[in-house]
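# Observations on the model geometry
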Amino acid sequence: MRLEVIPIVCSKMLHRWQSRARALRSRVISRLMAGSLTSVGCENSAGIEVFDASAEHSTMLETHRRTIDAITLLHETCPIHIQWMRRCAKRIVLARPLGSPASFDQVSQSIFLDCELGAHYDVVAIAAMLVHEIAHSRIAAAGVATSAKRLDLRVRVERRCVREQLEALLRIDPSHFFVQWSRELLESRAQSELLPTIDEESIARRRAYRRMRASGVPSWISRLTIRAVRSPRP
Ligand SMILES: [Zn+2]
């Protein structure tokens, strides 16, 4: 083997080990997490398991019902997104208010939905939020890792997910008020329209963590959930 090839081979091996370690960590955290949450079944058209982490929140049942209706709606109108969800997201977790209505956590491959969504948003809006997070899950599954340091990449990923939600909305209900809001987000040149400032984000994270701990959610699940909150979305 020629000397100049050695660093390239080492780098490829390291990359392979790192991706195997990441996959193993995801599987372990997924199993631990699923074992700690209450499953409310997978009787939905995507066959995806839904978990209740709301600690008996009063709006949980309505949010669960609307989430199931949103999955059915997507199955009928946007089957490709349902296929992506089956492939890239392992579960939907209905959790106490997180500071963000919806988010995707790459480590546990879970879509988190605020358990109060059912009190504020209709089925179409919840379907749009699901599509947004499904798009995040697909991008993550493709190996695109976003971080606070790569703001430009985060904005590009966010735009891509907003475009997916807009396309789904145009198929489901072109007159829905989320359509105009999604277009405004895409037309906005200001990054702050798509992403929160660091201060806003850290305040929202701290607030969400305190709320989860106060309602009895274990600290490690709270931390994991807060990790999933990357940017507030309506
Ligand atoms: Zn997003």
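A short tour of the structure in this document, coming up.

### Some thoughts on the overall build of the chain
The number of helices and strands found in the chain is ten helices and five strands. For the chain, buried positions account for 39% of its 234 residues. Long-range pairs, those at least 24 residues apart, make up 70% of the contacts in the chain with a sequence separation of at least 6.

### Describing the pairing of strand β4 (residues 102-105)
Burial along β4 is two-sided: Ala102 and Phe104 facing one way and Ser103 and Asp105 facing the other are all buried. Sheet analysis places β4 next to strand β5 (residues 110-114), joined by four bridges and oriented antiparallel. Of the residues in β5, the one forming a bridge with Asp105 is Ser110.

### Topic: the pairing of strand β2 (residues 49-53)
Both strand β1 (residues 38-39) and β2 contribute to a ladder of two bridges, which runs antiparallel. Following the sheet pairing, Ser39 is matched in β2 by Phe51. Bridge analysis of β2 against strand β3 (residues 91-95) gives five bridges, and the strand direction is parallel. What sits directly across from Ala53, in β3, is Ala95.

### Details of the packing of helix α6 (residues 151-172) against helix α7 (residues 177-187)
Relative to each other, α6 and α7 sit at 150 degrees, their axes nearing to 9 Å. The angle between α6 and α7 falls in the class roughly antiparallel. The element α6 and its partner α7 pack so that their crossing is left-handed. Only Phe178, Val179, Ser182, Arg183, Leu185 and Leu186 of α7 make contact with α6, whose side of the interface consists of Arg159, Val162, Arg163, Gln165, Leu166, Leu169 and Leu170. The residue inventory of the contact of α6 with α7, partitioned by class, reads eight nonpolar, two polar and three charged.

### Topic: unusual backbone geometry
Here Gln109, not a glycine, exhibits a phi torsion of approximately 50 degrees, which is positive. Its place among the elements puts Gln109 in the loop between β4 and β5.

### Describing the sheet that holds β2
The five strands are arranged β1-β2-β3-β5-β4 in an open sheet whose pairing can be described as mixed. Each end of this open sheet is capped by a strand with a single partner; those strands are β1 and β4. Of the strands in this sheet, β2, β3 and β5 touch helix α2 (residues 60-77), which is tilted by about 150 degrees from β3.

### Some words on helix α3 (residues 79-88)
Buried within α3 we find His81, Ile82, Met85 and Cys88. Buried residues of α3, seen end-on, are gathered within an arc of 150 degrees and therefore sit on one face of the element. In this structure, α3 carries Pro79 and Arg87 as exposed residues pointing more than 90 degrees from its buried face. Looking at the buried positions of α3, the neighbouring elements they touch are α2, α5 (123-141) and α6.

### What about the nonpolar core?
Ranked by size, the top nonpolar core spans 54 residues in total, and within it Leu74, Leu94, Ile126, Ala127, Ala128, Leu130 and Val131 carry the most contacts. The element best represented in this core is α5, accounting for 13 residues.

### Notes on the packing of α5 against α6
Close contact between α5 and α6 brings their axes to 8 Å; oriented N to C, the two are set at 140 degrees. By the angle class used here, α5 and α6 are oblique. The interaxial crossing formed by α5 with α6 has right-handed handedness. Judged by residue contacts, Val124, Ala127, Ala128, Val131, His132, Ala135, His136 and Ile139 of α5 engage Val157, Arg160, Cys161, Val162, Glu164, Gln165, Ala168, Leu169 and Ile172 from α6. Class assignment of the residues belonging to the contact of α5 with α6 gives a composition of twelve nonpolar, three polar and two charged.

Quick notes on the rules
Residues numbered from 1 in each chain as written. Predicted model: local features only at pLDDT ≥ 70, side-chain atom pairs only at ≥ 80, totals over all residues. Helix = DSSP H or I, 4+ residues; strand = E, 2+ residues; numbered from the N terminus. Buried ≥ 20, exposed ≤ 12 C-beta atoms within 10 Å, placed from the backbone. Contact = placed C-beta atoms within 7 Å. Pairing = 2+ DSSP bridges. Axes fitted to C-alpha atoms, helices over the stretch in contact; angles between N-to-C directions. Parallel < 35°, antiparallel > 145°, perpendicular 65-115°, else oblique. Left-handed = near helix turned anticlockwise from the far one by under 90°. Nonpolar A, V, L, I, M, F, W, Y, C, P; charged D, E, K, R; others polar. Arc of directions from axis to C-beta. Core = buried A, V, L, I, M, F, W, Y, C linked by C-beta atoms within 7 Å.

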